[in-house]
Amino acid sequence: MGSWNQRTVATRVSATGVGLHSGRPATLTLAPAPAEAGITFVRMDLGVEIPARNTHVVDTTLSTSIGLGPARVATVEHVLAALHGMGIDNCRVEVDGPEIPILDGSAAPFVCLVQEAGVRALRAGRHVLVVDEPVEIRDGDRLARLEPADAFSVEFTADFGHPLITNQSFRAVVSERTFEREIARARTFCFRRDIERMQAAGLARGGSLENAIVVDDFSILNPEGLRFPDEFARHKVLDAIGDLALAGVAVQGALVAVKSGHAMNQALVRKLLGDEASYRVVRLSADAEAEATSGRVTLPVQVAEGRPT
Ligand SMILES: [Zn+2]
């Protein structure tokens, strides 16, 4: 039986690296948090704690930034995807600068951090947002849609009109296992032709072949090549999981996205949370005997007996 308890990391763990867009070095620490605390980002240098919630999203230009007053944290989506994917409900994500380190451009280093810390089950049932009615955002041929489903799944179709990224799709039912094996390692990517423009706009200053796939007109510039033939679509699935985590609660539903991005994903979360008829938040019953565990989180097929909160 999977654990339906809320979970946090068992101990503090840290990693240091540069921000993809700011180029600034920062140390990130994942720290335990109590039940019901949710995930928060803490600017240690400013003493400001920002809840990882859609209402705190302040920018979605190439990455997702959250903020509170003048305090901001940029590029939150990969660490959020890792926490969401590994079934962590409560965590303090401490950072001593304006941007989460990009590390290798994927969520794998954050998954390693969670595994290094270990996972602790808390004596409270998980909250799960169950999608009851389809919600969608459309913009021309772009789509982000959440549908009722028995589990949390994400399907993303990427199409950049580029020989290497045309109509590339990836779908996964998101569990700890599939997240770690099929999604977490997919890296962020950009086109060589865009780099100059991004850097002129003050973005991608920390970018390199060590933390991003760079695509030329017909080839991949990274000497090691791709980690998956469809790494681009897999990374977009990763991004969408991180963006959806800003709903502030685990989601049971099927996300179908076509050429979506951070802004559209946030618009979908806003529309979902703004339409109370489209979802329920249920509380799963907790196992009172639970202790520290590395057990797998499994969403139940039926949550009808769950208690609305
Ligand atoms: Zn990304």
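Structure shown above.
Draft legend 1. Highlighting the overall build of the protein. Within the protein, the regular secondary structure consists of six helices and 21 strands. Here the C-alpha radius of gyration of the protein, 18 Å, is about what a compact globule of 309 residues would show, namely 19 Å. Dimensions along the principal axes, computed over C-alpha positions, put the protein at roughly 55 × 40 × 35 Å. By the burial criterion, 55% of the 309 residues in the protein qualify as buried. Excluding contacts between residues fewer than 6 apart, the proportion of contacts in the protein whose partners are at least 24 apart in sequence is 75%.

Draft legend 2. Region of the structure containing the packing of aromatic side chains. Across all of its chains, the model carries three aromatic pairs by this definition. Note on Phe 160 and Phe 189: the rings are 5.6 Å apart at their centroids and 85° apart in plane angle, and the pair reads as edge-to-face. In this pair, Phe 160 sits in the loop between strand S14 (153-158) and strand S15 (168-173) while Phe 189 sits in strand S16 (residues 189-191), placing the two residues 29 residues apart along the sequence. Classification of Phe 189 by relative accessible area gives buried; the value is 14%. Here the aromatic rings of Phe 160 and Phe 191 are separated by 5.4 Å at their centres, their planes lie at 50°, and the arrangement is tilted. Of this pair, Phe 160 sits in the loop between S14 and S15 while Phe 191 sits in strand S16; the two residues are 31 residues apart in sequence, bridging distant segments of the chain.

Draft legend 3. Structural view of the environment of Gly 105. Among the secondary structure elements, Gly 105 is positioned in the loop between strand S9 (91-95) and helix H2 (108-117). Between the C-alpha atom of Gly 105 and that of Ser 208, which follows or precedes it by 103 residues, the distance is 9.6 Å. Once you skip the residues sitting within four places of it in the chain, Gly 105 turns out to touch His 78, Ala 186, Arg 187, Thr 188, Asn 211 and His 235.

Draft legend 4. Spotlight on the sheet that holds strand S6 (residues 57-59). Read from one edge to the other, the open sheet built from three strands follows the order S6-S7-S8, with strand pairing classed as antiparallel. Each having just a single partner strand, S6 and strand S8 (71-73) make up the two edges of the open sheet. The mean angle between the axes of side-by-side strands here comes to 40°, regardless of whether they run parallel or antiparallel. In this structure, S6 lies alongside strand S7 (residues 65-68), joined through two bridges in antiparallel fashion. Across the sheet, Asp 59 pairs through a bridge with Ser 65, a residue of S7.

Parameters at a glance
- Residues numbered from 1 in each chain as written.
- Predicted model: local features only at pLDDT ≥ 70, side-chain atom pairs only at ≥ 80, totals over all residues.
- Heavy atoms only, no water.
- Helix = DSSP H or I, 4+ residues; strand = E, 2+ residues; numbered from the N terminus.
- Rg over C-alpha atoms; globule rule 2.2 N^0.38 Å.
- Buried < 20%, exposed > 50% of the residue type's maximum accessible area, 1.4 Å probe, protein only.
- Contact = heavy atoms within 4.5 Å.
- Phe/Tyr/Trp six-rings, centres within 6.5 Å; stacked < 30°, edge-to-face > 60°.
- Pairing = 2+ DSSP bridges.
- Axes fitted to C-alpha atoms, helices over the stretch in contact; angles between N-to-C directions.

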